[in-house]
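Spelled out, the chains give:
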Amino acid sequence: MESWLFLLVILAVAFFGKNTSLTVAALVVLALKAIPMSGRLMQVIDARGINWGVTVISIAILVPIATGRITFEDLFRVMKSPVGWIAVGCGALVAILSKHGVGLLAASPEITVALVFGTIIGVVFMRGIAAGPVIASGITYCIITLLHLAV
């Protein structure tokens, strides 16, 4: 019963905060939860969902290349500026943080609750975008490692 209430609270916050992605996600999870015998499907999503999400994001990033909207000329042009090099460095840093974040989430799934709560606060009250739970977990991993905190 508690999980239903928790998901309904998240749905309400997402809806009133006008966050379509989180609203749809909460509705999908509630619908899955309502389907008898969906436990196995939710286990698969739990185990592989982040990787599927990363794949979908990667596809979305590659589509402008496939359509010709982004070309080698664009890449060469941006790499001539400090902004391009900063973007490359940040991209590499985010990839490393995400790797550690996924590992942390696998080792300590209870941290997900705090990350989701923080993401909801950022999205609803600070008009952010819910694109960074994995990165947030990577930053969390770095901070707890630096502070030698046990998980």
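Use the structure listed above.
This write-up is about the structure you can find in this document. (Residues numbered from 1 in each chain as written. Predicted model: local features only at pLDDT ≥ 70, side-chain atom pairs only at ≥ 80, totals over all residues. Heavy atoms only, no water.)

1. Details of the packing of aromatic side chains
Reasoning step 1: Here the structure, examined in full by the defined rule, presents two aromatic pairs.
Reasoning step 2: Measuring from ring centre to ring centre gives 5.3 Å for Phe 15 and Phe 16, while their planes differ by 80°; the resulting arrangement is edge-to-face. Side by side, Phe 15 and Phe 16 carry an identical accessibility label, which is exposed. (Phe/Tyr/Trp six-rings, centres within 6.5 Å; stacked < 30°, edge-to-face > 60°. Buried < 20%, exposed > 50% of the residue type's maximum accessible area, 1.4 Å probe, protein only.)

2. Digging into the nonpolar core
Reasoning step 1: In terms of nonpolar packing, the biggest core is built from 10 residues, these being Leu 7, Ile 10, Leu 11, Ala 14, Leu 22, Ala 26, Leu 30, Ile 120, Val 123 and Val 124.
Reasoning step 2: For this core, the secondary structure elements donating two or more residues are helix H1 (2-16), helix H2 (20-34) and helix H6 (111-126).
Reasoning step 3: Ranked by size, the runner-up nonpolar core spans five residues in total, among them Leu 104, Leu 105, Leu 115 and Ile 144. (Core = buried A, V, L, I, M, F, W, Y, C linked by side-chain atoms within 4.5 Å. Helix = DSSP H or I, 4+ residues; strand = E, 2+ residues; numbered from the N terminus.)

3. Structural notes on helix H3 (residues 39-66)
Reasoning step 1: Spanning 28 residues, H3 covers 38 Å between terminal C-alpha atoms, matching the ideal 40 Å at 1.5 Å per step.
Reasoning step 2: Along H3, the helix axis deviates most sharply at Arg 48, where the bend reaches about 60°.
Reasoning step 3: Positioned one or two residues after H3, Gly 68 has a phi angle of 85°, which is positive. (Expected span 1.5 Å × (residues − 1). Bend = angle between axes of the 7 residues up to and from the residue.)

4. Overview of H1
Reasoning step 1: Taking 1.5 Å of rise per residue, the 15 residues of H1 would be expected to cover 21 Å, and the 21 Å separating its terminal C-alpha atoms lies within 8% of that figure.
Reasoning step 2: Of all the positions in H1, only Leu 7, Ile 10, Leu 11 and Ala 14 are classed as buried. Down the axis of H1, the sector holding all buried residues measures 100°, keeping them to one side. The exposed residues of H1 that point more than 90 degrees off its buried face are Glu 2, Leu 5 and Phe 16.
Reasoning step 3: On its buried side, H1 packs onto H2 and H6.
Reasoning step 4: Two residues or fewer past H1, Lys 18 is found with a positive phi of approximately 60°. (Arc of directions from axis to C-beta. Contact = heavy atoms within 4.5 Å.)

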